[in-house]
Structures are given as structure tokens and as C-alpha cells.
Amino acid sequence: MTTLAGQMNSVESVLSKAEKRKLLFLICSVLLFSVMNGTMFMIAVPDIAKSFSLMPSQVSWVVTGYIILYAIGALMYGKLADFYPLKTLLTLGLCLFATGSILGFFAPNYLTVIFARLVQASGASSIVALVFIVPTRYFPEERGRVLGIVSSTMAFASGIGPVLGGFIAGALNWQFLFLISVFVLLTIPFFQMWMPKEEKKEGKVDILGAMLIACASASLILVITTFVWEYFVSSLIFLLLFLWRIHHHPEPFIHPDLFKNIPFRTTIISFFFAIMTMFGMMFMLPLLLSEVNGLNTLLIGLTLFPGAIAAAYTGKWAGILNDLWGSQQVIFLAFSLMALGFFLLSTFIGTAAWVISIIVIISYIAFPFIQTGTASLISSTLPSHVLGVGMGIYNLTNFMAGAFGSAIIGRILDYQTEIKLNPLTFAQFESVMYSNVFIGMIGLTFFNVCFLYFSLRLNKIHKQERFY
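**Some remarks on the side chain of R137**
- Looking at the element boundaries, R137 is found in helix α7 (residues 134-138).
- The exposure class assigned to R137 is buried, which follows from its relative accessible area of 2%.
- Of the polar contacts made by the side chain of R137, one reaches the backbone oxygen of A81; its length is 3.0 Å.

In C-alpha cells, the structure reads:
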């Protein structure tokens with residue numbers, strides 16, 4: 001039977017440089033809409049609450065519901081990519097994404113808005129799931145470079161989303177945020193023309209296993225975002241049922257042997273803590289700029305925007321260095337940038353906003369480096385027949401870590417202290433805790449470096465001993 005590696009090589013040889021450029025432009029275009037759609041609505045939550053006279057706990061479902069389905073969808077589409085052509089899955093996802101957008105624009109009530117956001121998420125998640133598979137499947141010789149461009153696009157979209165969302169919601173109306181995503185329909189004919197043709201592969205998807213892991217993931221995200229601990233019990237029950245299922249089903253949704261792959265398991269754990277730290281920083285910065293520097297929403301967005309632009313620009317270098325140095329070296333470089341950025345932020349809290357804006361650039365450019373390095377390392381260590389679900393787990397980890405980081409930082413900032421962990425800091429009174437949290441992030445990053453380095457090194461030594 002023809003292996004997926006053989007298929008990738010044949011696709012690589014069929015695609016010309018011009019076709020590769022077209023395909024790369026397409027996937028980055030739809031990824032831009034997918035990521036922006038998540039961040040734009042965060043800025044519009046107060047306006048939506050005002051339109052329907054909602055409490056904060058009610059309107060939060062505009063973001064929470066989207067995140068839950070987006071995270072689960074990324075895992076599901078990743079698994080389906082092991083069997084179905086990427087062109088088919090992307091076409092389905094883009095149609096759902098546009099359908100939810102149209103429905104949301106004309107939504108007459110809040111319930112329809114929520115339903116529209118869920119439909120959007122069920123389609124948009126196909127994009128973030130599949131764009132990390134495309135470089136490995138269609139660009140195997142340029143995987144690092146392409147992953148760097150993809151990571152740059154995500155970083156840029158994350159930064160431009162709140163700024164663009166605030167402008168559109170302020171100048172027009174929050175419902176016009178839905179309308180922007182309808183433009184993804186224009187890309188479908190081009191995907192049909194430019195994306196390589198693939199045949200459906202043999203195999204079945206364990207529907208019950210998929211439902212169990214989806215319920216476990218959704219319950220866990222609800223614990224993180226709502227702090228309703230009853231969801232933790234349901235998450236644990238669904239998880240135990242899922243573990244029983246994958247050990248007793250002949251074709252489980254996620255094969256248990258996948259987690260016996262030490263490089264994959266180690267990278268996923270390290271990636272979780274890295275992204276948890278990065279998202280914690282991104283969650284904390286607007287609070288810091290508002291409370292300490294007294295900036296409004298627009299000025300906060302403009303202060304953070306240079307970091308997003310810098311991350312978008314340097315992402316291509318993350319890909320180039322990944323191909324030259326290797327994935328592990330790029331990941332360690334990302335950790336170094338994170339630690340340096342955290343230390344400078346801890347030190348210069350309380351200074352002018354433009355100083356913070358410059359320092360944030362250092363931390364933000366670590367984001368495409370960590371994504372490029374980890375995605376490349378995972379894709380290079382997984383067997384071809386589980387690459388899709390492996391990258392699905394990678395994406396699910398990304399969203400889980402982001403939710404954890406935001407929730408944990410939010411709780412820590414509820415406390416105040418006058419003890420300065422950084423003796424060089426400019427922080428005073430209420431801003432001391434911000435400085436201390438950044439110092440804690442440095443400690444977590446150092447732990448992460450040690451964990452990743454020694455785990456991969458011990459695995460390499462163990463392999464050499466087995467060989468001899």
C-alpha cells in the first residue's frame with residue numbers, strides 16, 4: 001500500500017514553485033480570517049451586552065462558546081485529515097464559517113448570535129487544524145519556512161484583530177464583525193483549482209471516542225473559564241470513559257501508542273507550559289496598561305500592536321532558522337526571548353507606555369518561534385498515519401493552555417503584595433504583583449527548558465543504547 005510519505009513526495013514533485021506560492025497565500029489568507037474572528041469579538045463584548053441588556057456572565061458565551069467549539073473542532077478536523085482529502089475538509093469548513101457569519105449579521109436576538117458563533121467556530125476550526133498539516137504534506141522540504149510564515153500570520157491576526165474589531169464596532173456596529181468573515185467564500189474556487197487532489201484513505205473514525213474526548217475537553221474548558229467545579233467532575237468522567245474506549249476499541253479515535261512516542265509527549269507538555277505562559281502575559285498586559293498606565297482600550301491596542309507586527313515579520317526567520325538549525329534550537333531560542341522579555345517587563349513596570357510597547361516586542365516575537373519549532377518537531381517525530389490527529393492534539397493543547405494561562409493569571413492578580421521579587425523593578429504599590437508574576441514566568445520558563453532538554457536527551461541516549 002502506498003505510504004503517506006510517498007504521496008507527499010509525489011505531491012511535492014507535482015507542485016511547481018508558482019503553485020506553492022498560490023497555495024501558501026490561500027492558506028494564510030483564510031487563517032487570517034479564522035484567527036481575527038476570535039480576537040475581534042473580544043473587544044465587542046461590552047457592545048453586545050448593551051444591545052441585548054445582558055449580564056457579563058451571559059454575554060461571555062460569545063467568546064467562551066466559540067473557544068470551546070474551536071478547540072474541539074481543531075482536534076476533530078485533525079483526525080479526519082488522516083482519512084479525508086484536505087481540500088474536502090477545508091471546503092466544508094469554509095462553508096460553515098461563512099454560513100455562521102451571515103447568520104450572525106442578521107441575528108435578531110442573542111440566542112441566534114450564540115448559535116451563529118458556534119457555527120462559525122465549527123468551520124473556522126478546520127482552518128487552524130489543517131494549515132499546520134499542509135506544510136508537512138505539501139511542503140516537506142520547506143516545512144520549517146512554511147510553518148514560520150503560518151505562525152507569523154497567526155501572530156499578526158491576533159494583534160490586528162482587537163484593533164480592527166474596535167474600529168469596525170465603533171464606526172459601524174458590532175454585527176459588521178460577522179460580515180468580514182463572509183469573504184472566505186471567495187477562496188473556495190481557488191482551493192478547488194490549486195490544492196492537490198487526494199484520494200480518501202481506508203479507515204474509520206471512532207465516533208463514540210470522538211464524542212467522549214469532545215465532552216471531556218468542553219467540560220475542562222468550562223471549568224477554566226467559569227470556575228464551576230461540577231464541570232471538573234464531568235470532565236474526569238468523560239476522560240476515564242475515553243481512556244477505557246481507546247484501550248478496547250480496535251480503531252480508537254486516538255491510539256494509546258501515540259503517547260508512548262516520547263518526543264511527541266515531551267513536546268506537547270513543554271508546548272502547553274510555554275503557551276500557558278505566553279497567553280498569561282497577553283492576558284495580563286491590557287490589565288497592566290489600564291490599571292498602571294491609565295490607557296483606554298484604543299491606546300492599549302495601539303501599544304501592543306508593534307509587538308504583533310514584529311512577531312509577524314520575524315516569523316519567517318523562525319522558519320528559516322528551523323530549517324538551518326533544527327527545531328530544538330529554535331524552541332530554546334524562543335525560551336530565551338521569553339525569559340528576557342519577562343525580565344524587562346518585570347523591571348520596567350510603572351514606566352511610560354511607549355517603553356512597555358518596545359519591550360513587549362521581545363516577548364511577542366518569541367510566539368512564532370515557539371509555534372514553528374514545536375509544530376515542526378511534532379510533525380517530524382510522528383508516523384504519517386497519525387500526523388493529523390497528532391497535530392489536532394497540538395492545536396487542542398494550544399487552546400487549553402491559553403485558557404489555563406488567562407484563568408491562573410486572573411486569580412493571582414486578585415492578591416496584592418509589597419514584596420518585590422525583582423529588586424530592580426520600577427513597580428510601586430498595586431503594580432508590584434505584576435512584576436512578581438513576570439518573575440514567576442521566568443522560573444516556569446527555566447523549568448520548561450530543563451524539562452525539554454533533558455527529556456529529549458535521555459530519549460536519544462536510550463535509543464543509542466538499544467541500537468548497540
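Further notes follow.
**Some details on the packing of aromatic side chains**
- Within this structure, the stated rule accounts for 19 aromatic pairs.
- Both rings, one in Y70 and one in F399, keep their centres 5.0 Å apart while their planes meet at 75°; by these two values the pair is edge-to-face. In this pair, Y70 sits in helix α4 (residues 61-80) while F399 sits in helix α18 (residues 387-412), placing the two residues 329 residues apart along the sequence.
- Since its relative accessible area comes to 7%, Y70 is described here as buried.
- F399 gets classed as buried once you look at its relative accessible area, which sits at 17%.
- Centroid distance F348 to F426: 5.6 Å. Interplanar angle 25°. Geometry classified as stacked. Within this pair, whereas F348 is found in helix α15 (residues 327-348), its partner F426 is found in the loop between α18 and α19 (432-467), the two being separated by 78 residues in sequence.

**Some points on the nonpolar core**
- I27, F132, F191, M281, L285 and F438 are the most contacted members of the largest nonpolar core, which has 149 residues in total.
- Considering each element in turn, this core owes the most residues, 16 residues, to helix α2 (residues 17-52).

**Here's the deal with the packing of α4 against helix α11 (residues 207-226)**
- Viewed as axis vectors pointing N to C, α4 and α11 meet at an angle of 145°, and their least axial separation amounts to 10 Å. Crossing handedness for the pair α4 and α11: right-handed. For the pair α4 and α11, the contacting residues are W61, T64, I67, I68, A71, I72, L75 and M76 in the first and A210, I213, A214, S217, A218, I221, L222 and T225 in the second.
- Looking at the contact of α4 with α11 residue by residue, the class counts come to 13 nonpolar, 3 polar and no charged.

Rules and cut-offs
- Residues numbered from 1 in each chain as written.
- Predicted model: local features only at pLDDT ≥ 70, side-chain atom pairs only at ≥ 80, totals over all residues.
- Heavy atoms only, no water.
- Helix = DSSP H or I, 4+ residues; strand = E, 2+ residues; numbered from the N terminus.
- Buried < 20%, exposed > 50% of the residue type's maximum accessible area, 1.4 Å probe, protein only.
- Polar contact = N/O pair within 3.5 Å; in protein donor to acceptor, adjacent residues only side chain to side chain.
- Phe/Tyr/Trp six-rings, centres within 6.5 Å; stacked < 30°, edge-to-face > 60°.
- Core = buried A, V, L, I, M, F, W, Y, C linked by side-chain atoms within 4.5 Å.
- Axes fitted to C-alpha atoms, helices over the stretch in contact; angles between N-to-C directions.
- Left-handed = near helix turned anticlockwise from the far one by under 90°.
- Contact = heavy atoms within 4.5 Å.
- Nonpolar A, V, L, I, M, F, W, Y, C, P; charged D, E, K, R; others polar.

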